[in-house]
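# Working through the structure, step by step
Listed here are the chains, written in short residue letters.
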Amino acid sequence: MADTGEGKKEEADYKRLHSFPLIRHTDMPEEMRVEAMELCVTACEKYATNNESAAKMIKETMDKKFGSSWHVVIGEGFGFEITHEVKNLLYMFFGGSLAVCVWKCS
Amino acid sequence: MPAKVRDKRLQSHSDQLPSGGKLQQSKPTRSLSRKRDEDASTEVGEGQDEWAQAKTLIKPPDQLELTEAELKEEITRILTANNPHAPQNIVRYSFKERTYKPISSVDQMAIHFSLDGNLLSLDSDEGRRQSARRATTTELAPVGSSVVETEEIEAIEESSKEDLLAAGAEEAAEAAETIEPVEAEEPSPQSAKEQKLTNQFNFCERASQTFNNPLRERACQMEPPPRANFSATANQWEIYDAYVEELQKLEKSKEKEKQRALVTKKEDKRRGGKLTSLESQSDDVTKVTKAAKIMERMVNQNTFDDIAQDFKYFEDASDEYRDQLGTLLPLWKFQYDKAKRLAVTAICWNPKYKDLFAVGHGSYDFMKQSRGMLLLYSMKNPSFPEYTFSSESGIMCLDIHNDYPYLLAVGFYDGNVAIYNLKKPHSQPSYKSSAKAGKHTDPVWQVKWQKDDMDNNLNFFSISSDGRIVSWTLVKNELVHTDVIKLVVEGATIEGPEGLQLHTVGCGTSFDFHKKIDYLFLVGTEEGKIYKCSKAYSSQFLDVFDAHHMAVDAVNWNPFHMKVFISCSSDWTVKIWDHTIKTPMFIYDLNSAVGDVAWAPFSSTTFAAVTTDGKAHVFDLSINKYEAICSQPVVAKKKNKITHVQFNPVYPVIIIGDDRGHVTSLKLSPNLRKMPKEKKGQEVQKGPEVEIAKLDKLLNLVREPDSKQAK
C-alpha cells in the first residue's frame, strides 16, 4: 500500500517511470522477441503522434525480416481477438499509454 | 617491196608450225620484220645483198638441160577443173524409164591431201569462248598469251589477204593490241560467275523424335503452420496497472538483492578470511593433493611401521645357523581393487625413483581376455597406487625409459604398443600405435626402450608372437614403425594351396639387448629356440640355440659378464648360456613352469626365478652351483601362480607378481646377498671386474669338459 502511495506522489514522474517497453504477452523466441520489441520502440518513438505510420513501419520491417503477412495494431484503447501463427505474437505496452500488438498470420 | 611481202608470208607460214614452237619463233620474226620495215627506207644496200644470195637456185641433178629454143617454145596447157581420173561411164538403173542411163554429172573433185586445221577465227563463237576461257585461267599473265593470239590472228588475216602491205600487218598488230585490254576487262565478270557460290538458302533439315519421359504426378499435403488464438483488451487502466505491477516487481527484486548483498557482506565479516578458502576447497581437491599425499604417507608409515623397520634394519639372524641357505622376508603387499583378478603381466622398477615401480595387469589366459591396468606403486605407500591407467586391452609388458623415467612403453594383448607419460594427467596413453600404423597382430610380449636414435627421437623395440620385432620411433608425436626382424622358422614351410610356400613364423616371446654391443640382441620364441640377432641383418640370425622344449619365457643378459645370458622356459628349466657356445653352461630344473628369471644387480652369480607353483628360487652360483640357496613359497594361496620377478636396483628387495593381481615385495636375507668372503689382511675387492672374474671362474669349470655340465 505504501508503494501505491509513493506512486501517487510520483504522478509527475509517471511518464518517465512508465516509458519502458513492457511485454505483456509473447510466444516469440528470444532473438525475435528482442528484435521485434526494439523495432516497436523505435517506430513508436519515431512516429510519436501518428500511430498509423508507426504500425505501417513495424509491419513493413517485420515483413522484410521474418517473412510476409504481419499485422500490427497500435492504439491507446482497443480490444481484439486474433488468430496468429504460433511463435509469432507480441503484445506489449509502451510509453505508459500505448498498446502494441504484432502478430503473423497468413 | 613485193619481195618483202613474200618474205613476210613465208614467215607467217612458218608461224603456223606446231603450236609448241609458235611462241618462240613468232616473237623474233616479228620483231625482225618490224625492224626491217623500219630500216627498209634507210638501209637499202644491205637488203639487196641479202636478196642476191637468196636468188641462187639449187637445181635438181636430173633436170633436163634445154636449149634456148626449147626454152622459148610455148607449150600451152589448159587447166580444167575436170578430174582426169573420174569415170565417165557410170550408169544407173532408172526405174522410171526401166533402162540403164549414164549419169550426167560426175563428181570431179579429188582430194589429194586434207589436214584439219586448229586455227579459229577470233570473231567466231568458238574463238570468243576460248579466248574468254583462257583469260580466266591465266588472269594474272594474259599479256603473253594474248600476244600469241593476236599473232595467230595476224597470220590468218595475212594469209587470207595476200596482197596486204607490211604496214597493214602492223596496223593489225596494233589493232590486236587495242583489243587486248578489252578482252582483259571482259573475263573478270565471267570469272566471278564461274566461281562456285554456295547457295545459302539450300539446306536440309534433320530431326528425330525421341521418347518422352513419362510424367508422374506427385502431391502432398502440408500441415498448416500451427496457429493459436489470442485475445486481450488494451485500455489506459489496463496499461497503467500492468506498469505499476511491473514496477512493484522490480522494486521487490531490487530489495531482495540488496538484502542478499547485505547478508553476504555480514556473513563475510563474521567468517573472516579463513572460511573463503574452505569454500573454494570444497570444489577443488587438487590444491591439497600434495598435503593429502603427505598425510596419506604418514598414515601409511604408521600403519606399516613394523614393515618399514623390517625393510630398513631387519637381518635374519637365523641365516648364520642355516649354513648357506637364505630366506625371503615378505614385506609390503600391493594390490588395487580395480586390478583384482587381473594377472600381473609385467613389473618394472623405475630407474630414477628407487621406490617406484610399474605393474602391468592383463591376462595370460587366452580364453579370458579383458581390460588391462597400468599401476605405479611406491614402496612408501603400499595401500594405494601412485598412478593408475586403465586400458581396454590387457597389458602384456612394459618398460620405463632410463633417461626419461616418466615415460612408459607398454605392449598390449591386442598387438598395440603405447607410450604413457606420467607427467600428463590423462588416463589415456600419450601415443599409441594403431591398426594403420603397423601394430602387431598378436600379443606384444616384450617392449624395451632403446637409446635415442641419431635424430634424438625416442625409440623402443617390441616383440610379438606374430614373429615381428618392430622398432618404434616417436617422430613428431607419431609412432613410426620399422620391422627389424621377421622370425622365420628354418626348414619349416607349409605347402599352401597352389604350391605356395608359407613360412611359419617363429613366435617371439621375449628378447634382451646386449648391454655393450649395441646391435646384438637375443630373442626367445614360443618354439623354445633362442636366436642371436643383429639389428643390422633383418633376415638372418647370427646364431640359433635349441634352448628349450617349450616357450622361452625370458632371456636376460648378465649385467656384469658380457658373454653370459640366462633363459627360462615353461619346460621347468632355467639355463645359463655363453653366447659363443651352443650348449648351455648350467641347467636347473625347478619342477614347475618358470615364469620369469632375473639377474641380481649386485652380483654376477645371483639370480632369482619364479615358478607357477608359487615358489621363488634364488640362486648364487658362487655358493652353490647345483641347487638354489633359497626356494620358498611366497604367495598366500597355493593356487596363485607367480608370473614375474624383479630385483630392486638398489635395495636387497625383490618384487614378485602373481596371476591374481597381487604384488609382493620380499627382502633377501643376508645369505642371499653374500659378498665374497673377506680374507684377512686383504681389502675387499669390488667392482664389475671382480664380478666378471667370479663368474668366469665358474664357467671355466664347466667349459672344458662338456660332460661336466652342472645339473
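Residues numbered from 1 in each chain as written. Chains lettered and ligands numbered in written order. Predicted model: local features only at pLDDT ≥ 70, side-chain atom pairs only at ≥ 80, totals over all residues. Heavy atoms only, no water.

In the annotation of an unreviewed UniProt entry, the entry for chain B reads Dynein axonemal intermediate chain 1, and the organism field reads Alligator mississippiensis. Under the heading Sequence similarities (unreviewed entry), UniProt records this for chain B: "Belongs to the dynein intermediate chain family." Quoted verbatim from the Function (unreviewed entry) heading of the UniProt record, the comment on chain B is "Part of the dynein complex of respiratory cilia." (UniProt positions renumbered as here; feature names shortened; annotations may be inferred.)

Under an unreviewed UniProt entry, the name given to chain A is Dynein light chain, and the organism recorded is Aegotheles bennettii. Recorded in UniProt under Function (unreviewed entry), the annotation for chain A is "Force generating protein of respiratory cilia. Produces force towards the minus ends of microtubules. Dynein has ATPase activity." Check the Subunit (unreviewed entry) section of the UniProt entry for chain A; it says "Consists of at least two heavy chains and a number of intermediate and light chains."

Our focus in this paragraph is the packing of helix α3 (residues 30–46) of chain A against helix α4 (residues 51–66) of chain A. Residue and element names in this part refer to chain A. Running from amino to carboxyl end, α3 crosses α4 at an angle of 150 degrees, the nearest separation of the two axes being 9 Å. Compared by their axis directions, α3 and α4 come out roughly antiparallel. The crossing of α3 and α4 is right-handed. Here α3 contributes M32, E35, A36, L39, C40, A43, C44 and K46 to the contact with α4, which in turn contributes A54, M57, I58, T61, M62, K65 and F66. (Axes fitted to C-alpha atoms, helices over the stretch in contact; angles between N-to-C directions. Helix = DSSP H or I, 4+ residues; strand = E, 2+ residues; numbered from the N terminus. Parallel < 35°, antiparallel > 145°, perpendicular 65-115°, else oblique. Left-handed = near helix turned anticlockwise from the far one by under 90°. Contact = heavy atoms within 4.5 Å.)

Buried accessible area, meaning the area lost when the parts come together, often serves as the stated size of an interface. Listed by partner, the interface residues are 22 residues for chain B and 32 residues for chain A. Inspection of the region where chain B meets chain A yields 13 residue pairs in polar contact (both at pLDDT 80 or more). Among the secondary structure elements, those contributing two or more residues to the side of chain B that touches chain A are β3 (227–234) and α9 (236–271) of chain B. Of the pairings in the sheet, the one linking strand β3 (residues 78–85) of chain A to β3 of chain B comprises eight bridges and is antiparallel in character. (Polar contact = N/O pair within 3.5 Å; in protein donor to acceptor, adjacent residues only side chain to side chain. Pairing = 2+ DSSP bridges.)

Next up on the list: the nonpolar core. Ranked by internal contacts, the top residues of the largest apolar core, which has 22 residues, are V574, I576, F586, Y588, V597, F607 and L621 of chain B. Mapped by element, the contributors of at least two residues to this core are β24 (564–569), β25 (573–578), β26 (586–589), β27 (594–599), β28 (606–611) and α13 (688–703) of chain B. Per-element accounting of this core gives the leading share, four residues, to α13 of chain B. Leaving out residues up to four positions away in the same chain, L621 of chain B has contacts with I576, F586, Y588, T605, F607, L695 and L698 of chain B. Listed in part, the 21 residues of the second largest apolar core include M32, A36, C40 and M92 of chain A. (Core = buried A, V, L, I, M, F, W, Y, C linked by side-chain atoms within 4.5 Å. Buried < 20%, exposed > 50% of the residue type's maximum accessible area, 1.4 Å probe, protein only.)

Moving on, we come to the sheet that holds strand β5 (residues 98–104) of chain A. Residues and elements named next belong to chain A. Across the sheet, which stays open at both edges, the four strands sit in the order β1-β4-β5-β2 with antiparallel pairing between neighbours. Each edge of the open sheet is held by one strand with a lone partner, namely β1 (22–26) and β2 (70–75). If you compare each strand with its neighbour and ignore which way they point, the axes differ by 15 degrees on average. Pairing geometry for β1 and strand β4 (residues 89–94), over four bridges, is antiparallel. Following the sheet pairing, H25 is matched in β4 by Y91. This element, α3, spans β1, β2, β4 and β5 of the sheet and lies at about 40 degrees to β4. On top of the sheet, α4 reaches β2 and β5; it is set at about 155 degrees to β2, its chief contact.

Once that is clear, we can look at the environment of I566 of chain B. Residue and element names in this part refer to chain B. Note that I566 resides in strand β24. For I566, a relative accessible area of 0% gives the class buried. Separated by eleven residues in the primary sequence, I566 and W577 place their C-alpha atoms 6.0 Å from one another. Ignoring sequence-local partners within four residues, the contact set of I566 consists of A554, V555, N556, V574, K575, I576, V597, W599 and F607.

Evaluation of the coordinates by the stated rule reveals 34 aromatic pairs over all chains. For the pair W557 of chain B and F565 of chain B, a centre-to-centre distance of 5.5 Å together with 65 degrees between the ring planes defines the contact as edge-to-face. F565 of chain B shares its class with W557 of chain B; the two are buried. Ring centres of W599 of chain B and F607 of chain B lie 5.6 Å apart, and the angle between their planes is 70 degrees; this geometry places the pair in the edge-to-face category. In this pair, the class of W599 of chain B matches that of F607 of chain B, namely buried. Members of the aromatic cluster, each reached through a chain of ring pairs, are F78, F80, Y91 and F93 of chain A together with F230 of chain B. Here K423 of chain B stacks its cationic end above the ring of Y406 of chain B, 4.2 Å away from the centre of that ring. It is K432 of chain B that lies over the ring of F412 of chain B; its NZ or CZ is 4.8 Å from the centre. (Phe/Tyr/Trp six-rings, centres within 6.5 Å; stacked < 30°, edge-to-face > 60°. Lys NZ or Arg CZ within 6 Å of the ring centre and 35° of its normal.)

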